[in-house]
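Single-letter residue listing:
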Amino acid sequence: MRISEPLKALKEPLFAKLYLAQAISLLGDAFTWMGIALLAFELGNGQSAKILATALTLRVTAFIIFGSYAGVLADRFSRKKIMIITNLFRMSIVFSMAFINSVWQLYVLIFILNVFNAFFTPAYKACIPQLISKKENWGNAISLSNATWQLLGILGPGLAGALAVLLGSREIFFFDAFSFIVSSVLVFYIPIVS
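My aim in this report is to walk through the structure given alongside it, one point at a time.

Turning our attention to the overall build of the chain. From N to C terminus, the chain includes six helices and zero strands. Counting from the amino terminus, helix and strand elements in the chain follow one another as α-α-α-α-α-α. Its C-alpha atoms give the chain a radius of gyration of 17 Å, near enough to 16 Å, the size a compact globule of 194 residues would have. C-alpha extents for the chain along the principal axes are approximately 55 × 35 × 30 Å. Buried residues in the chain amount to 44% of all 194 residues. Long-range contacts, defined here as pairs at least 24 residues apart, represent 84% of the contacts in the chain between residues at least 6 apart. Of the roughly 10,100 Å² that the chain leaves accessible, carbon and sulfur atoms contribute 71%.

Structure representation (structure tokens):
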């Protein structure tokens, strides 16, 4: 398979719109995790590594507890509505992170944020085949989506660090909150049947 093969999926206009919504949201997520690391340093009094480890444990715990229910929900209800609603809740949670002043607040918000992440992910992935008209592009679309997730996981923190230097550590949460709004608007205009 050639490196450019997954890009063929972007010729599908509906998938391209969903992919753009995901890419914007993933970039915002990278900004949030950089902000969380900076908050752990700010609030930690020398315990930032412990705070970050607990935050990541809470993230995984939310996915373990709610992930299986999320898949069932994505099969039974409108995936489009699930993606929009979870994006709006995630936007509110991330926006709130800019104003916290204690570690326990950070833990609560991280857990709740990842509960909504657990519901967004299966709804998003279940929409991909629905938006691809050519079956041969299904694998390309999934490959492109996964590659983007990994690429932004690498590049995102560097961009977030640069923005934190320019704007401030708490202000970068506003970028992710805005990314959820943009993602929701893009998803709203995609004609997803279920």
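Quick look at the layout of surface pockets now. The space that makes up the largest pocket amounts to roughly 600 Å³. Of all the elements in the fold, those that place two or more residues in the lining of the largest pocket are helix H1 (13-44), helix H2 (48-76), helix H4 (103-131) and helix H5 (138-167).

Mapping Lys 17 onto the fold places it in helix H1. Given the relative accessible area of 30%, Lys 17 is considered partly exposed. For Lys 17 and Val 187, which are 170 residues apart along the polypeptide, the C-alpha to C-alpha distance reads 7.4 Å. Setting aside residues up to four positions removed in sequence, Lys 17 forms contacts with Leu 186, Tyr 189 and Ile 190.

The next thing to look at is the packing of aromatic side chains. Scanning the model with the defined rule gives 10 aromatic pairs in all. Taking 6.0 Å as the distance between ring centres and 35 degrees as the angle between the ring planes, the aromatic pair formed by Phe 15 and Tyr 19 counts as tilted. Here the residue Phe 15 and the residue Tyr 19 both occupy positions in helix H1, the gap between them amounting to four residues, near one helical turn. The buried category is assigned to Tyr 19, whose relative accessible area is 15%. Ring centres of Phe 31 and Phe 175 lie 4.3 Å apart, and the angle between their planes is 25 degrees; this geometry places the pair in the stacked category. In this pair, Phe 31 is assigned in helix H1 and Phe 175 in helix H6 (residues 172-188), connecting sequence segments 144 residues apart. According to the relative accessible area criterion, Phe 31 is buried, its value standing at 4%. We classify Phe 175 as partly exposed; its relative accessible area is 33%. Taken together, the ring pairs in this structure connect Phe 66, Phe 111 and Phe 119 into an aromatic cluster.

Before going further, it helps to spend a moment on unusual backbone geometry. Glycine aside, negative phi is the norm for most residues, and most peptide bonds take the trans geometry. One non-glycine residue, Asn 45, lies in the positive phi region at around 50 degrees. For Asn 45, a relative accessible area of 73% translates into the label exposed.

Turning to its location among the elements, Ser 92 is positioned in helix H3 (residues 79-97). In sequence terms Ser 92 and Leu 113 are 21 residues apart; their C-alpha atoms lie 9.3 Å from each other.

The next subject is H6. Its 17 residues give H6 an end-to-end C-alpha distance of 25 Å, which sits within 8% of 24 Å, the value for a rise of 1.5 Å per residue. Among the residues of H6, those classed as buried are Ile 172, Phe 173, Asp 176, Ala 177, Ser 179, Phe 180, Ser 183, Ser 184, Leu 186 and Val 187. Tucked into the core, H6 has its buried residues touching H1, H3 and H5.

Looking now at the packing of H1 against H4. Packing of H1 against H4 leaves a shortest axis separation of 12 Å and a crossing angle of 165 degrees. Judged by the inter-axis angle, H1 sits roughly antiparallel to H4. For the pair H1 and H4, the crossing hand works out as left-handed. Residues Leu 14, Phe 15, Leu 18, Tyr 19, Gln 22, Thr 32, Trp 33, Ile 36, Leu 39 and Leu 43 of H1 form the contact with H4, whose participating residues are Val 103, Leu 106, Ile 110, Leu 113, Asn 114, Tyr 124, Cys 127, Ile 128 and Leu 131. Tallied by class, the residues present in the contact of H1 with H4 amount to 16 nonpolar, three polar and no charged.

Parameters and conventions
Residues numbered from 1 in each chain as written. Predicted model: local features only at pLDDT ≥ 70, side-chain atom pairs only at ≥ 80, totals over all residues. Heavy atoms only, no water. Helix = DSSP H or I, 4+ residues; strand = E, 2+ residues; numbered from the N terminus. Rg over C-alpha atoms; globule rule 2.2 N^0.38 Å. Buried < 20%, exposed > 50% of the residue type's maximum accessible area, 1.4 Å probe, protein only. Contact = heavy atoms within 4.5 Å. Areas by Shrake-Rupley, 256 points an atom, 1.4 Å probe, with all protein chains shown as cover. 1 Å grid on protein atoms, 1.4 Å probe; cavity = no way out; pocket = protein on both sides within 12 Å on 5 of 7 lines; lining within 4 Å. Points joined across faces, edges and corners; volume = space filled by probe spheres on them. Phe/Tyr/Trp six-rings, centres within 6.5 Å; stacked < 30°, edge-to-face > 60°. Expected span 1.5 Å × (residues − 1). Axes fitted to C-alpha atoms, helices over the stretch in contact; angles between N-to-C directions. Parallel < 35°, antiparallel > 145°, perpendicular 65-115°, else oblique. Left-handed = near helix turned anticlockwise from the far one by under 90°. Nonpolar A, V, L, I, M, F, W, Y, C, P; charged D, E, K, R; others polar.

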